[in-house]
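The chain contents come next:
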Amino acid sequence: MVVVILFSVLLAQTGFANQKQEPVQVKKCVMCHETDGGSSSDDTVPKIAGLGDTYFRKAMSSFLKKKRKEPTASMMYKVISPSTSDADLDIIVDYFSHQEPVPAPVADPALAAKGKIIYDEGLPAKGIIACAACHGDRGDANFSIPRIAGQNISYQLTQFDAFTQQTRKDVDSKMMARMILNLSTDELTALAHYINTL
Ligand code: HEC
Ligand code: HEC
């Protein structure tokens, strides 16, 4: 038993886990999100590697029910069907949530440093609480709160718009909108740069 566990840990650490055969159910996903879920070639496509089970399923269901109406969401409408079986969804979620997230190169260190201050401490003058309070110091809180560490910058900015304009309408979307309501575009851009480096 101990040997088996050790072996699994070794496999995960050396990255072999990422190379496991890609199941047929994820074939269309990897066209945009890539085999490792790293979505590195298009900044508007979110990284989904390591995204937790609870939030992943919620996001899939939100696209299916068209609760997310940001312009880019329509790309997801085409790939999700109500006829996807629970068994297929389990395979899809299991595959991507077990991919190792790959950190992004730092795009703009000065902007990221500005974002870090708001992320860690909030902006009391504007009634903004620290993002870290919910998303964790490293952006890796990962349950009904989404993992945001390393997330692509354009994708984040689209979501900030979607929250404030309420085109994204999930149970928690209004709450997230309140968290960023008084932030300027520059502050949100700085935050997105910092989160991208986590
Ligand atoms: C044509 C490109 C494309 C394909 C194919 C695609 N996606 Fe997406 N996916 C996107 C885009 C773009 C978004 C961001 C949508 C938005 O802005 O709301 C997204 C968002 C997501 C999200 C939400 C991430 C988050 O953090 O909220 C999940 C989960 C996801 N996709 C999973 C999948 C799965 C699973 C498949 C295969 C069944 C798939 N995608 C196929 C382009 C694609
Ligand atoms: C009170 C808890 C809480 C705080 C504080 C908070 N968030 Fe969130 N955040 C959430 C939840 C919950 C969601 C998911 C919302 C949904 O599903 O509509 C979310 C979603 C997001 C997303 C979209 C993730 C995705 O994959 O689509 C981003 C980006 C984000 N938050 C960034 C921030 C930033 C930046 C701050 C600080 C200014 C912040 N959050 C503060 C709870 C919080």
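Residues numbered from 1 in each chain as written. Chains lettered and ligands numbered in written order. Predicted model: local features only at pLDDT ≥ 70, side-chain atom pairs only at ≥ 80, totals over all residues.

Asker: Which residues make up the overall build of the protein chain, and what values go with them?
Answerer: Check the secondary structure of the protein chain and you find 10 helices and zero strands. Listed by position from the N terminus, the elements making up the protein chain come as α-α-α-α-α-α-α-α-α-α. Taking all 198 residues of the protein chain together, the buried fraction comes to 27%. Across the protein chain, every contact between residues at least 6 apart in sequence was considered, and the portion connecting residues at least 24 apart equals 68%. (Helix = DSSP H or I, 4+ residues; strand = E, 2+ residues; numbered from the N terminus. Buried ≥ 20, exposed ≤ 12 C-beta atoms within 10 Å, placed from the backbone. Contact = placed C-beta atoms within 7 Å.)

Asker: Lay out the site of ligand 2 with the relevant residues and their values.
Answerer: Around ligand 2 there are 20 residues in total, and Cys131, Cys134, Asp170, Asp172 and Ser173 lie nearest to it. Partitioning the shell around ligand 2 into residue classes produces 13 nonpolar, four polar and three charged. (Near = placed C-beta within 6 Å. Nonpolar A, V, L, I, M, F, W, Y, C, P; charged D, E, K, R; others polar.)

Asker: So what's going on with helix H8 (residues 153–164)? Which residues, and what values?
Answerer: Here H8 is 12 residues long and its end C-alpha atoms lie 17 Å apart, about the 16 Å a rise of 1.5 Å per residue gives. Of all the positions in H8, only Tyr155, Gln156, Thr158, Gln159, Phe160, Ala162 and Phe163 are classed as buried. Buried positions along H8 lie against helix H9 (173–180) and helix H10 (185–197). With its phi angle positive at about 55 degrees, Gln166 sits one or two positions after the end of H8. (Expected span 1.5 Å × (residues − 1).)

Asker: Please provide a residue-by-residue account of the site of ligand 1, values included.
Answerer: Contacts to ligand 1 come from 22 residues, most closely from Cys29, Cys32, Ala59, Thr72 and Ala73. Elements with a contribution of two residues or more to the shell around ligand 1: helix H2 (30–33), helix H3 (53–64) and helix H4 (74–77). Per-class residue counts for the shell around ligand 1 are 15 nonpolar, four polar and three charged.

Asker: Lay out the confidence of the model for the protein chain with the relevant residues and their values.
Answerer: In the predicted model, the protein chain carries a mean pLDDT of 90, and the fraction of residues at 70 or more is 90%. When mean pLDDT is compared element by element in the protein chain, helix H7 (residues 132–135) scores highest at 98, while helix H1 (residues 2–13) scores lowest at 44. Taken together, the stretch residues 1–18 has pLDDT below 50 and engages in eight contacts with residues farther than four places along the chain or on a different chain. (pLDDT = per-residue confidence, 0-100.)

Asker: Can you break down unusual backbone geometry residue by residue, with the values?
Answerer: Backbone geometry places Lys66, a non-glycine residue, at a positive phi of 55 degrees. Relative to the assigned elements, Lys66 resides in the loop between H3 and H4. Accessibility expressed as a C-beta count within 10 Å gives 12 for Lys66, which makes it exposed.

Asker: Account for the environment of Lys69, with residues named and values stated.
Answerer: Mapped onto the elements, Lys69 comes out in the loop between H3 and H4. By the C-beta count within 10 Å, which is 16 here, Lys69 ends up partly exposed. Here the alpha-carbon distance between Lys69 and Ala162, two residues 93 residues apart in the chain, equals 7.8 Å.

Asker: Talk me through the nonpolar core; I want residue IDs and the actual numbers.
Answerer: If you look at the biggest cluster of nonpolar residues, it comprises 13 residues, and the most contacted ones within it are Ile118, Tyr119, Ala190, Leu191, Tyr194 and Ile195. Take this core: its biggest share by element is five residues, from H10. Aside from chain neighbours lying at most four places away, what touches Tyr194 is Ala112, Gly115, Lys116 and Tyr119. (Core = buried A, V, L, I, M, F, W, Y, C linked by C-beta atoms within 7 Å.)

Asker: Which residues make up the environment of Asp43, and what values do they have?
Answerer: Structurally, the position occupied by Asp43 is in the loop between H2 and H3. Asp43 gets classed as partly exposed once you count the C-beta atoms within 10 Å, which come to 17. Sequence-wise, Asp43 and Ile153 are 110 residues apart; in three dimensions their C-alpha atoms are separated by 6.5 Å. Not counting residues up to four positions away in its chain, the partners in contact with Asp43 are Asn152, Ile153, Ser154 and Tyr155.

Asker: Which residues make up the packing of H8 against H10, and what values do they have?
Answerer: Contact pair H8 / H10: the axes reach a minimum separation of 9 Å and the direction vectors enclose 135 degrees. One finds that H8 runs oblique with respect to H10. The element H8 and its partner H10 pack so that their crossing is right-handed. Together, Ile153, Gln156, Leu157 and Phe160 of H8 and Leu188, Thr189, Ala192, His193, Ile195 and Asn196 of H10 make up the contact between the two elements. Broken down by class, the residue content of the contact of H8 with H10 amounts to six nonpolar, four polar and no charged. (Axes fitted to C-alpha atoms, helices over the stretch in contact; angles between N-to-C directions. Parallel < 35°, antiparallel > 145°, perpendicular 65-115°, else oblique. Left-handed = near helix turned anticlockwise from the far one by under 90°.)

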